Amino acid sequence: MSNLFKLFDVSGSALSAQSVRLNAVASNMANAQVVSGSPEQAYRAKHPVFASVLQGVGPNATATPVQVVGVMESQAEARAEYAPNHPLADEQGYVYKPNVNVVEEMANMISASRSYQNNVEVMNTTKQLLLRTLQLGQQ
């Protein structure tokens, strides 16, 4: 029975982690077209880093909650675009766009959304199992 309660901890932490991931994707997509006057000032894509460590070995191993250990910034170069008439253009006529790949971000958003939905289903199924277990004692 206590293992079922652990599922709530693990699924709840996974929901929180996927929420952080969805927020990072939203931030990346919102800033995907923002231009700046230098590569150093250009927005850099952000990606959360997750960690979870199993406790024990073999069939006695138990799952632990997911942790967001940090948010890493992409080290890919900003994209230079020639736009000499843009007010932010540098001396060579270039503006710099973020290193955000919108297609990858859409895939991340779909993946995070599905992971979130799956964890909600795990929690709902666990709740139903607990309720049925309690009903067994009433009969």
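Conventions adopted
Residues numbered from 1 in each chain as written. Predicted model: local features only at pLDDT ≥ 70, side-chain atom pairs only at ≥ 80, totals over all residues. Heavy atoms only, no water. Helix = DSSP H or I, 4+ residues; strand = E, 2+ residues; numbered from the N terminus. Buried < 20%, exposed > 50% of the residue type's maximum accessible area, 1.4 Å probe, protein only. Lys, Arg positive; Asp, Glu negative; His and termini not counted. Salt bridge = Lys/Arg side-chain N within 4 Å of Asp/Glu carboxyl O. Polar contact = N/O pair within 3.5 Å; in protein donor to acceptor, adjacent residues only side chain to side chain. Contact = heavy atoms within 4.5 Å. pLDDT = per-residue confidence, 0-100.

A. Here's a closer look at the side chain of D90. Inspection of the secondary structure assignment puts D90 in the loop between β3 (79–82) and β4 (94–97). Although D90 lies buried, it forms no salt bridge, and the closest oppositely charged side chain, R44, sits 13 Å away as judged by the N-O distance. Reaching out from D90, the side chain makes a polar contact with the backbone nitrogen of Q92 at a distance of 3.1 Å. Contacts of D90, omitting those with residues within four sequence positions, involve G37 and Y96.

B. Molecular detail of the confidence of the model for the protein chain. A residue-level look at the protein chain finds 96% of positions with pLDDT of 70 or above and a mean pLDDT of 90. Per-element confidence in the protein chain ranges from a low mean pLDDT of 89 for helix α1 (residues 2–30) to a high of 96 for β4.

C. Inspection of the pattern of salt bridges at higher detail. The tally for this structure, following the rule as stated, stands at two salt bridges. Taking the shortest distance from any N to any O, the salt bridge between E73 and K46 comes out at 3.3 Å. Note that E73 is positioned in strand β2 (residues 67–73) and K46 in strand β1 (residues 46–51), a separation of 27 residues in sequence. Residue classification places E73 among the partly exposed residues on the basis of a relative accessible area of 39%. On the accessibility criterion, K46 (26% relative accessible area) is partly exposed. Note that E81 is salt-bridged to K97, the shortest N-O span being 3.2 Å. Here the residue E81 occupies a position in strand β3, and K97 occupies one in strand β4, the gap between them amounting to 16 residues. A relative accessible area of 14% places K97 in the buried class.

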